[in-house]
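Letter by letter, the chains look like this.
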Amino acid sequence: MAVTSVVEKWVDDAAGLTRPDRTVWCDGSKAEYDRLVEEMLRDGTLLEMNQATYPGCYLHRSHPSDVARTEQLTFICTGAKDDAGPTNNWMAPAEAKVKAGAYLRGAMRGRTMWVIPYLMGPAGSAMSRVGVMVTDSAYVVASMHLMARVGQVAIQHMRSDDDFIAGLHSNGDLSPERRLILHFPEEKLIWSVGSGYGGNALLGKKCHALRIGSWQARQEGWLAEHMLILGVEDPDGRVTYLAAAMPSASGKTNLAMVVSQLPGWRVWTVGDDIAWIHVDARGQLRAINPERGFFGVAPNTSPKTNPNGTAMVRSNTIFTNVAMTPAREPWWEGLTSTPPDGLLDWQGKPWSPGGGPAAHPNSRFTVLASQCPSISPSWEDPEGVPISGFIFGSRRTRVIPLVFEAFDWTHGVFLGSAMSTETTAAITGQVGVVRRDPMAMIPFCGYNMADYFGHWLGMQPRLATPPKIFRVNWFRKDDDGKFLWPGYGENVRILKWIVGRIRGTGKAVETPVGNVPAPGAVELDGISVSPARFQAALAVHGDEWRQALEELGGFYDQFGGRMPAPIRQAHEETLRRL
Ligand code: OXD
Ligand code: MN
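Residues numbered from 1 in each chain as written. Chains lettered and ligands numbered in written order. Predicted model: local features only at pLDDT ≥ 70, side-chain atom pairs only at ≥ 80, totals over all residues. Heavy atoms only, no water.

A. A look at the pairing of strand β28 (residues 514-517). Across four bridges, the pairing between strand β27 (residues 508-511) and β28 is antiparallel. Along β28, the bridge assignment pairs Glu-510 with Asn-515. Between β27 and β28, which pair antiparallel in sequence order, lie two residues. (Pairing = 2+ DSSP bridges. Helix = DSSP H or I, 4+ residues; strand = E, 2+ residues; numbered from the N terminus.)

Quick look at the structure:
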């Protein structure tokens, strides 16, 4: 493989630090993937699933203390602390290198170091970007094959000799005490040691495409967002593309590949996690999905919640930390209403009902996007798809209406900045507590979030018609703790209203926080949601909102004078309107 001398030198330096027994350059071929799988079956890293019913599927069981992203061990290492901002963990670059260097020095002795040149984004797209990562984990290499475009194609897309994000990954000893996930955006560099799991280890995803990506996007004038991308096709065949930011494990993958319950309407999947969005020459926002596959949360994926997701993982899928049936098929909570007898849990121990979950709550499937039955014919279009609307969605039992529309771009950015959510198992820590998560980017913004809001505001003058911005919350409950909205396939009814608003047809009524659907504007035929319950799902309660906005003011205060004035103004105006 012809690589630049800058790449070669960086790889040599990585080997000098970590001292692998041998270095293997990955070409991304099917033969290479098959070889890796064979090796991992031999050494027990992978277990074969039932090849008759789940052909090409394997199970990986991670170390029990390495099961989710560890945000407390994730750092942005900028020269100036303020450039990382108050919502990121920060470490001085030199100190970070001394600390992690101690864990990495000689860490690959006796191991192979694989070099993975990878492309984030479709081949031939000017929006795609290159990374070169090294790792001592065969599981990471195989997963990167599914999640990115690996090999020569990456090198071909380098715009100059040093146009790549360098990523150094080692499993180390997998101990949380010697784990660090470090980002050096000023050096286009990632160091990750001590975890082999998901976003900590598949460096193309959260580390590159979001944390370093968001930094690069700001420098280069585009947006790197924690967003799914979907196309809503109406009965006339017209497709409207939307990008939606949602926190981890909040129904994002389900929405990205939702099967419409509305006759004549259909949803096409472009991406389920990350969107890179550029302004084209006509002032239109265009988005690509930088990833090649899905690393989705398995629990609660079922033929009811996500029929496309269930179908796509029937072959060529690496499962991580799911349970296994005696027939060697994968199983997780929610897949079927009753668990099959004789399950082995995610750690391989016999499981019986009544104890902990059989599958880890953050167990995952890794699969090529092309296997998704709803994958859009445009998903690899080098020009990207035109974005007509943004959705900010979070998981909130109370306060936040099912859907409402921002008054304008600035108000929409304010609504995104105001987002908070109830935490899930995708990160280590307590589940179900409300935390601030502006635009679902709190764990992923590689720089000061006040500057990030400013960057969003700064996009507006460059846009011919700024996309409309919407807020959704599928998770609102009534006083008895019952969901007010059925969700899943019925969410297409909400998407239809959103498309209507974008086209100027959907009816709305104004509230102090934004425009909600007018009575009758969302079709409720065929579902058991009474108009009264629907109104309850949309209700804006002044007292709850005032309290929420007060807390929000406290959040803004940490950014001091760096917080953009228009966001502060939108906040104050909302308080006045309530
Ligand atoms: C993910 C996450 O894995 O957001 O997508 O945690
Ligand atoms: Mn995500």
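B. Structural detail: helix α15 (residues 542-557). For α15, built from 16 residues, the straight-helix expectation of 22 Å at 1.5 Å per residue is met to within 8% by its first-to-last C-alpha distance of 22 Å. Among the residues of α15, those classed as buried are Glu-544, Trp-545, Leu-549, Leu-552, Gly-553, Phe-555 and Tyr-556. Where α15 is buried, its residues contact β23 (403-405), α11 (409-417), β25 (434-436) and α16 (565-577). (Expected span 1.5 Å × (residues − 1). Buried < 20%, exposed > 50% of the residue type's maximum accessible area, 1.4 Å probe, protein only. Contact = heavy atoms within 4.5 Å.)

C. Main features of the coordination of the manganese ion (ligand 2). With distances of 2.1 to 2.2 Å, the protein atoms coordinating the manganese ion (ligand 2) are Lys-206 (NZ), His-226 (NE2) and Asp-273 (OD). We note that the donor set of the manganese ion (ligand 2) lies within a single chain, spaced as K-x19-H-x46-D. Linking Lys-206 in helix α8 (residues 204-220) with His-226 in the loop between β11 (223-225) and β12 (227-233), this pair joins segments that are 20 residues apart in sequence. Side by side, Lys-206 and His-226 carry an identical accessibility label, which is buried. (Donors = N, O, S within 2.8 Å, 3.2 Å for Na, K, Ca; no water.)

D. Spotlight on the site of ligand 1. Looking at ligand 1, there are nine residues lining it, with Arg-69, Lys-206, Ser-248, Asp-273 and Arg-364 nearest. Within the side chain of Lys-206, a nitrogen or oxygen atom sits 2.9 Å from an oxygen atom of ligand 1. The separation between an oxygen atom of ligand 1 and a polar side-chain atom of Arg-364 is 2.9 Å. When isolated, ligand 1 has an accessible area of 210 Å², and the protein chains bury 92% of it. (Near = heavy atom within 4 Å. Polar contact = N/O pair within 3.5 Å; in protein donor to acceptor, adjacent residues only side chain to side chain. Areas by Shrake-Rupley, 256 points an atom, 1.4 Å probe, with all protein chains shown as cover.)

E. Spotlight on unusual backbone geometry. Although it is not a glycine, Ala-440 adopts a positive phi angle of roughly 60°. Counting through the fold element by element, Ala-440 comes out in the loop between β25 and α12 (449-459). The phi angle at Tyr-488 is positive, at roughly 45°, despite the residue not being glycine. Within the element layout of this structure, Tyr-488 appears in the loop between β26 (468-472) and α13 (491-503).

F. Representation of helix α5 (residues 138-147) in the model. Of all the ten residues making up α5, ten are buried; the element is thus mostly covered by neighbouring parts of the structure. Here α5 has its buried residues at Ala-138, Tyr-139, Val-140, Val-141, Ala-142, Ser-143, Met-144, His-145, Leu-146 and Met-147. Backbone nitrogen of Tyr-139 and a side-chain oxygen of the N-cap are separated by 3.3 Å at the start of α5; the cap is Ser-137.

G. Up close: the environment of Pro-326. Looking at the secondary structure, you find Pro-326 in the loop between β19 (323-324) and β20 (330-331). Distance in space between the C-alpha atoms of Pro-326 and Pro-340 is 8.7 Å, their sequence separation being 14 residues.

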